[in-house]
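Chain by chain, the residues run as shown.
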Amino acid sequence: MFAGNERGISLHEDEKWMRAAIEEAHRARSIGEVPIGAVIVRDGEIVGAGHNLRETSHDPTAHAEMIAIRQASGKLGAWRLLGCTLYVTLEPCPMCAGAILQSRVERVVYGTADPKAGCVGTLMDLLQDTRFNHRLPWASGVLQEECAALLTDFFRGLRARQDRS
């Protein structure tokens, strides 16, 4: 886990907000979407929330992080999400990591790594890449087992349904 916690946020605080992201992931699962959820927090308040809607909306950009970023920007009336932390159950992909950089979120916390598409430490680290003009700290592994189990259980159930048909 990359510390990335110079703002003095406690692990307890990170777990509290990750639980809110997990609730969003459950919403995605309840409609047949891959269970990934995200929340954006500023000053102790959720200003944006989202869960995967790619299948439902037929939109490849409808990732949890993208939806949460759009919602937070709308609520705050700004594209710069200064003072905000994004909590997401799965490590952001390249698209989402890019949007996080562009939105100027100040910190990212994710639950479990994504070995196939993770760009916040696994395949690469876009959030700390010195070639960009903006870098931000991140932390991983917050409620990792619970976040990973959501995905494992979902895909296990999906494979079981496919095997029966």
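An account of the accompanying structure is given in this report. Predicted, not measured: the structure shown is a model, and the values here were computed from it. (Residues numbered from 1 in each chain as written. Predicted model: local features only at pLDDT ≥ 70, side-chain atom pairs only at ≥ 80, totals over all residues. Heavy atoms only, no water.)

1. Section: the pairing of strand β4 (residues 107–112)
The buried fraction of β4 amounts to 6 of the 6 residues, a majority that puts the element mostly inside the structure. Pairing between strand β3 (residues 84–90) and β4: 5 bridges, direction parallel. From the neighbouring strand, valine 88 faces β4, where its bridge partner is tyrosine 110. Pairing geometry for β4 and strand β5 (residues 138–140), over 3 bridges, is parallel. Counterpart to valine 108 in the pairing with β5 is tryptophan 138. (Buried < 20%, exposed > 50% of the residue type's maximum accessible area, 1.4 Å probe, protein only. Helix = DSSP H or I, 4+ residues; strand = E, 2+ residues; numbered from the N terminus. Pairing = 2+ DSSP bridges.)

2. Looking at the pairing of strand β1 (residues 37–42)
A large share of β1 lies buried, amounting to 5 of its 6 residues. Bridging between β1 and β3 involves 5 bridges; their strand directions are antiparallel. Looking at β3, one finds that valine 41 is bridged to threonine 85.

3. Description of the side chain of histidine 63
With respect to the helices and strands, the residue histidine 63 is situated in the loop between α2 (54–57) and α3 (64–76). Classification of histidine 63 as buried rests on a relative accessible area of 14%. Once you skip the residues sitting within four places of it in the chain, histidine 63 turns out to touch Asn52, Arg54, Cys93, Met95 and Cys96. (Contact = heavy atoms within 4.5 Å.)

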